[in-house]
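Residue-level listing of the chains:
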Amino acid sequence: MDKKIFSGVQPTGNLHLGNYLGALKNFVELNNDDANQCIFCVVDLHAITVKHEPNELKNNIRETVASFIASGINPKKSIIFNQSSVAAHSEGAWILSCVARMGWLNRMTQFKEKAGKDKEKASIGLYSYPVLMAADILLYDSTHVPVGDDQKQHLELCRDIAQKFNKDFGVNDFLKAPEPLIQKEFSRIMSLKDGLKKMSKSELSDLSRINLTDEKDQIINKIKKAKTDPLPMPKDVQELKERPEAQNLLGIYSSLNNSSLENSVNKFSGKNFSEFKDELSELLVNKISPISKEIKKLIKEQAYLDSILLDGVEKANKIASKKIKNMKEIVGF
Ligand code: AQP
């Protein structure tokens, strides 16, 4: 059977290396396989769950599309669209929020991390975000969802919601429970400043991440300043368990190089960090610079980016409006 691939990325500013290695790189491989039908969504409804700058949102949406294409996604072989332009996402989210249980959402760790200590002041949208994500996926009968490791729990919730909807309304297999596609290795890239925190767009310090639009000098500087420990490079993979920063940097190196962690550890075993960092910077510059150049070129081609979205919205709407119509009938509207 063909795989129906669906995944979303929030237009919340510069995409970073974590988004690239955890999601986009995987999107490109899936998109290159003609047996797959791919839908890549710019999830702008998700982007307003936290404080945002309305004047910047439109440009961020375009920049996300530019980043998709610059990373290697072929817009002719996939549907690329923004979520808020297809009304079925909001309608589906409401129906599914009447199916999902509070207890299920209370367990979501991403809400706890993002809301921080002041949960009372977090938006209701941030809390119910995983239900909207379930609607996104289920409207397209998606079979596989490529995401970074941080989204695993939300996908399990999506499966639970689909199964409960089918059971509550006696519609066996109407909503299809999707499979997550999470890479076995390097699926969670950590901050360059703290090996225990994930690399994130919303982290205040720009030194914590490599942005896909970073220039060569910025990349070299960020890697130079990346946190390490005082020991020399590890001798074996076992040692990495106690050394999160070394593990993260070696993971980034391996993922970019398509090599195993073990090979990378062996290559740099016993050397000092500065030698390794030089090679890592070079690899990053070679990989990121062409993407960065292409994003900057595409971002100026506003009409082209808008035409991709317009085309994608039309195609996505055709699929999603049928599904939501059936869903409404099932619940009795
Ligand atoms: N650090 C990461 N390592 C691996 N994968 C990651 N992803 C995000 N961060 C990492 C994956 O990128 C895809 C798009 O993510 P998103 O932008 O929709 O949302 P996010 O997970 O909330 O990303 P950020 O950077 O942490 O954004 P902010 O700071 O705005 O909340 C997803 O597949 C995600 O798994």
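Residues numbered from 1 in each chain as written. Predicted model: local features only at pLDDT ≥ 70, side-chain atom pairs only at ≥ 80, totals over all residues. Heavy atoms only, no water.

### Concerning helix α10 (residues 244-257)
Right, so step 1: Over its 14 residues, α10 extends 20 Å from the first C-alpha to the last, a length consistent with the 20 Å expected when each residue adds 1.5 Å.
Right, so step 2: In terms of burial, α10 is largely enclosed, as 12 of its 14 residues are buried.
Right, so step 3: For α10, the complete set of buried residues consists of Pro244, Glu245, Ala246, Asn248, Leu249, Leu250, Gly251, Ile252, Tyr253, Ser254, Ser255 and Leu256.
Right, so step 4: On its buried side, α10 packs onto α1 (17-32), α11 (261-268) and α12 (273-298).
Right, so step 5: The first or second residue beyond α10 is Asn258, which carries a positive phi of 50 degrees. (Helix = DSSP H or I, 4+ residues; strand = E, 2+ residues; numbered from the N terminus. Expected span 1.5 Å × (residues − 1). Buried < 20%, exposed > 50% of the residue type's maximum accessible area, 1.4 Å probe, protein only. Contact = heavy atoms within 4.5 Å.)

### A short note on the layout of surface pockets
Right, so step 1: Roughly 320 Å³ of volume is contained in the second largest pocket.
Right, so step 2: Lining the second largest pocket are 17 residues; nearest its centre among them are Ala93, Ser97, Ser128, Tyr129 and Val131.
Right, so step 3: Top element by residues in the lining of the second largest pocket is helix α7 (residues 124-138). It accounts for 6 residues.
Right, so step 4: When its residues are assigned to classes, the lining of the second largest pocket shows 11 nonpolar, 5 polar and 1 charged. (1 Å grid on protein atoms, 1.4 Å probe; cavity = no way out; pocket = protein on both sides within 12 Å on 5 of 7 lines; lining within 4 Å. Points joined across faces, edges and corners; volume = space filled by probe spheres on them. Nonpolar A, V, L, I, M, F, W, Y, C, P; charged D, E, K, R; others polar.)

By themselves, these figures tell us nothing about what the structure is for.
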